[in-house]
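Listed here are the chains, written in short residue letters.
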Amino acid sequence: MKAFVSLVLLFAAGTLLSCKKDRVDEDPGPPAAAMYFPPLSGSAWETSSAASLGWKEAQFNDLYTYLAEKHTKAFLILKDGRIVQEKYFGSFTADSLWYWASAGKTMTAFLTGIAQQEGMLNINNKTSQYLGAGWTAAPQAKEDLITIRHQLTMSTGLDDGVPDDFCTAKSCLVYKADAGTRWAYHNAPYTILDQVIEKASGQSFNNYFNAKIRSRIGMKGAWIKAGYNNIYYSDARSMARFGLLMLNKGTWDQTAIMTDTSYFNSMVNSSQPINPAYGYLCWLNGKANYMLPQTQIVFNGNLVPTAPADLYAALGKNDQKLYIVPSQRLVVVRMGESAGNSRLALSSFDTALWGKLRSIIGY
């Protein structure tokens with residue numbers, strides 16, 4: 001709470017620096033000329049009306065009733081980068097800050113790709129090349145199997161069944177299986193990517209992120225340490241800005257932020273065969289099966305059956321949602337309290353929400 005209050009004060013004072021997608025590279029995506037990008041500063045942002053898009057505008061009332069019932073604080077829809085709907089609930093406003101939870105993982109994956117394109121690291125290198133031998137409690141031969149790619153794909157083989165799977169202390173990083181042979185949604189190996197990026201870049205994680213992503217697309221907010229975790233806080237429009245960057249495949253307006261197209265395509269496609277619904281710290285719809293956090297069960301069917309098959313998403317605890325749909329040129333943001341029945345990043349809320357959006361948009 002103290003960290004959150006401090007961030008709000010810094011924010012107000014202006015002291016913060018102002019996926020069914022089997023082959024993403026086969027889809028040309030939205031035409032660059034049709035895409036709108038808001039200015040890097042200020043509140044100006046072009047809008048489009050739902051009526052002009054042929055959407056069923058009257059049905060938004062039902063959607064907003066549902067969102068309010070599910071403890072939503074902010075909800076945005078972008079089409080071609082323009083705001084079609086922007087709704088805040090209760091005392092929450094466009095300037096209010098909220099946590100991304102695990103939705104921030106996708107930004108970390110994007111930043112890792114930037115570090116690779118700048119020659120600071122290679123995701124195929126073993127993690128110990130950057131952190132030194134003995135960063136886990138695993139036998140050295142097993143630790144040496146773990147690469148940055150395994151951290152990005154949740155396949156390090158470290159045991160997520162330890163008492164605290166957020167714990168990044170060496171004693172908590174215990175061998176379970178050889179890297180690459182087991183998928184498990186494990187927070188600690190992901191969080192340690194921050195250390196890898198810091199060692200590779202020679203900068204603090206916040207500073208490197210601010211220079212390479214935040215300032216270049218006009219985001220607000222900051223990463224705040226909370227126990228073992230590093231959590232991003234921002235306003236809802238900042239989350240939408242990152243979604244727009246993703247929708248445009250790593251390019252902001254005419255500026256290529258992510259020039260490594262191979263990395264970007266790998267990020268939003270199946271990263272390993274064990275859980276095809278997972279890319280590089282990114283959830284993918286439209287796959288034949290999927291796995292969920294805290295279980296080794298394989299579920300058949302789409303991750304979000306009511307959503308377009310090519311949807312991919314940054315998803316966080318208590319239903320923090322950033323959805324990107326290339327075929328519809330959409331970015332959808334939801335921030336708020338838990339909508340109920342949540343299983344960490346995923347819940348029945350996703351399916352219900354996209355069922356309502358389908359009736360409005362008609363995809």
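Criteria and cut-off values
- Residues numbered from 1 in each chain as written.
- Predicted model: local features only at pLDDT ≥ 70, side-chain atom pairs only at ≥ 80, totals over all residues.
- Heavy atoms only, no water.
- Salt bridge = Lys/Arg side-chain N within 4 Å of Asp/Glu carboxyl O.
- Helix = DSSP H or I, 4+ residues; strand = E, 2+ residues; numbered from the N terminus.
- Buried < 20%, exposed > 50% of the residue type's maximum accessible area, 1.4 Å probe, protein only.
- Pairing = 2+ DSSP bridges.
- Expected span 1.5 Å × (residues − 1).
- Disulfide = S-S within 2.5 Å.
- Polar contact = N/O pair within 3.5 Å; in protein donor to acceptor, adjacent residues only side chain to side chain.
- Contact = heavy atoms within 4.5 Å.

Draft legend 1. The pattern of salt bridges, seen in detail. Inspection of every chain in the model, using the stated rule, returns 10 salt bridges. Taking the shortest distance from any N to any O, the salt bridge between D144 and K126 comes out at 3.7 Å. Here D144 is found in the loop between α5 (140-143) and α6 (148-152), whereas its partner K126 is found in the loop between α3 (104-117) and α4 (128-131), with 18 residues between them in sequence. On the basis of relative accessibility, which here comes to 30%, the residue D144 falls in the partly exposed class. Classification of K126 as partly exposed rests on a relative accessible area of 35%.

Draft legend 2. Broad picture of the pairing of strand β1 (residues 72-79). Most of β1 is tucked away: seven of the eight residues are buried. Here β1 runs beside strand β13 (residues 330-336); their pairing, made up of seven bridges, is antiparallel. Residue L76 lies in a different strand from β13, and its bridge partner there is V333. Note that β1 and strand β2 (residues 82-88) share six bridges and pair antiparallel. Across the sheet, residue I77 finds its bridge partner in β2, namely Q85. The turn joining β1 and β2, which pair antiparallel and follow one another in sequence, is formed by two residues; a positive phi near 55° is taken by D80.

Draft legend 3. Layout of α3. If you check α3, its first and last C-alpha atoms are 20 Å apart, about what 14 residues at 1.5 Å a residue would give, namely 20 Å. Burial of α3 is extensive: 13 of the 14 residues sit out of reach of the surface. The first or second residue beyond α3 is G119, which carries a positive phi of 80°.

Draft legend 4. Geometry of the sheet that holds strand β3 (residues 98-99). Taking strand neighbours across the sheet as the criterion, the three strands line up as β3-β5-β4 in an open arrangement whose pairing is antiparallel. Only two strands of the sheet have a single partner each, and these edge strands are β3 and β4 (222-226). Taken together, the two bridges between β3 and strand β5 (residues 229-234) define a ladder with antiparallel strand orientation. Of the residues in β5, the one forming a bridge with W98 is S234.

Draft legend 5. Structural detail: the state of the cysteines. Under the definition given, this model contains one disulfide. Linked covalently through their sulfurs, C167 and C172 form a disulfide whose S-S length is 2.1 Å. On the sign convention where negative is left-handed, the bridge of C167 and C172, at about 70° about the S-S bond, is right-handed. Residue classification places C167 among the buried residues on the basis of a relative accessible area of 3%.

Draft legend 6. Here's a closer look at the side chain of H186. Residue position: H186 is located in the loop between α6 and α7 (187-191). Residue classification places H186 among the buried residues on the basis of a relative accessible area of 2%. A polar side-chain atom of H186 sits 3.5 Å from the main-chain carbonyl oxygen of L158. If we skip the residues at most four places from it in the chain, H186 touches M154, L158, D159, D160 and D165.

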